[in-house]
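# Results of the structural survey
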Amino acid sequence: MPTLLIKNAGIPLSSGDIVEANIYVEDGVITYVGKREAQADEVLDAGGRITVPGGIDIHAHIYDQAYAGNEDWETGSLAAAFGGLTTVVDMPLRTIVDNERVLEEKLEEARRNSYLNYGVIGGFINEKNYTVIPELARRGVRLFKFFTCRPFKISDDALPEAFEHVAIANGVAVVHAEDEALIGYWERKLSTQNTITAYHSSRTGSTEASAIYRVGYIGLDVGARVHIAHLSSREGVEAVANLKKKTSITSEVTPHHLFFTREDSARFGAYLKVAPTLKSIEDRDALWRGLEAGVIDAYVSDNAPAPRSMKEVNVWEAWGGVPNLEVMMPFLFTYGVLQRRLSLARFIEVTARNPARILGVYPLKGELAVGSHADIVVLETGSPRKITASTHHHKVDWTPWEGMELYGHPYHLIVNGSVLIEGRELVGKKGLGIYIGELKPRRR
């Protein structure tokens, strides 16, 4: 590979200071960070802009063989690149990933069409298929998705043994944690109201916290690492905080839960239908506090767009999910760092370092240091970019982020030492990424 020099990079320190340095890359790996300027085949000038490890999204619905009209590896990975990401891990959507054939179909599609590093999550794991966990783990799958509620609920009796299989495989149980009984209770009360606010009211903070406590203690009992997907409530944050005192539990949050509220959703209708549901301003504020304080470990997209035809129906039957990949780093930089909800050091932790740790690939991925893979993003923080469906790279022709002006889009973006975006423009091609399952994970 050609050698690469990124000069005049503004590198954030844990102290909060930013120092200007040069980054030298050989064979896709960072070999020098410092003041010296070495000769290189290719030179990028960062112009003093903030330079950080490329974002790692450990929860994105990218490709489902049966729903290729929603998103695919070409559109999804390109949107992710323009959202400052260099690695995306595909979460099952409807097609269950519980055998090597389906896994290989997903991997082959990513090999052909992804612009970025890629991974695949196994699941949905239930009482019928948890014995496949070792088989998937041998192929590099490290995260396994569980539901404690509809539509893919695992039985209560099977959960401990399934978690034990995850522990033996040195994996992580990623749990959509909501209490099925409470969901059923509130849906029976509210389903006669065909409004988006009624839908969002049907899944409460108690619904989330109840399930979090249960899976947290089961994980503790059987020795399994548990990761709570898409936290959405104050009660959920409190539950994770309490469990962190005695378990290794981790959690994540999405941009839509950090921005939109139940009240906001009225003007979007089913276009803003997501699960877990949007909640109150107080819940949103608790999520921001949890993210900065370390209760929430990772920032993820939960990208799950769909065509308009799947949104413009009865709200209870409409597709749940929004296109989020292209706003990822810019949203968090604008509403987190610039609005002082989040330090720059914490921004790097939740977008890169912690996701890499959860995947077991840190510090090869998720770090800007000698010996790490050169997955690097130089952020444009001096001028905003407007989000609009007319220019975004998602497959769908709509976005709930329409018209928002965000700072922190990639000025340069490098994947494994190869330049994909230069001066805000796409210059690279597909195929720069690797399958992260081929990286040797660290024992936890």
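Residues numbered from 1 in each chain as written. Predicted model: local features only at pLDDT ≥ 70, side-chain atom pairs only at ≥ 80, totals over all residues. Heavy atoms only, no water.

### A look at the side chain of Thr-254
Here Thr-254 is to be found in the loop between strand E12 (250-253) and helix H9 (255-259). Residue classification places Thr-254 among the buried residues on the basis of a relative accessible area of 0%. Of the polar contacts made by the side chain of Thr-254, one reaches the side chain of His-256; its length is 3.2 Å. Within the structure, Thr-254 has its side chain in polar contact with the side chain of His-257 (distance 2.9 Å). Here Thr-254 is in contact with His-230, Tyr-299, Val-300, Ser-301 and Asp-302, once residues within four sequence places are set aside. (Helix = DSSP H or I, 4+ residues; strand = E, 2+ residues; numbered from the N terminus. Buried < 20%, exposed > 50% of the residue type's maximum accessible area, 1.4 Å probe, protein only. Polar contact = N/O pair within 3.5 Å; in protein donor to acceptor, adjacent residues only side chain to side chain. Contact = heavy atoms within 4.5 Å.)

### Let's talk about empty space enclosed by the protein
In this structure the tally under the stated criterion is 5 cavities of 30 Å³ or more. What the largest cavity holds in volume is close to 70 Å³. Considering the residues around the largest cavity, the lining is formed by Val-89, Gly-119, Val-120, Ile-121, Gly-140, Val-141, Arg-142, Leu-143, Leu-359, Tyr-435, Ile-436 and Gly-437. When the residues that make up the lining of the largest cavity are grouped by side-chain class, the tally is 8 nonpolar, 3 polar and 1 charged. (1 Å grid on protein atoms, 1.4 Å probe; cavity = no way out; pocket = protein on both sides within 12 Å on 5 of 7 lines; lining within 4 Å. Points joined across faces, edges and corners; volume = space filled by probe spheres on them. Nonpolar A, V, L, I, M, F, W, Y, C, P; charged D, E, K, R; others polar.)

### Looking at the sheet that holds E12
One key point about sheets: their strands pair by backbone hydrogen bonds, in either a parallel or an antiparallel sense. Spatial strand order, E9-E10-E11-E12-E13: 5 strands in an open sheet with parallel pairing. Edge positions in the sheet fall to strand E9 (143-147) and strand E13 (298-299), since each has one partner strand and no second. Inspection of the sheet shows E12 paired to E13 by 2 bridges, in the parallel sense. Looking across to E13, one finds that Glu-252 is bridged to Ala-298. (Pairing = 2+ DSSP bridges.)

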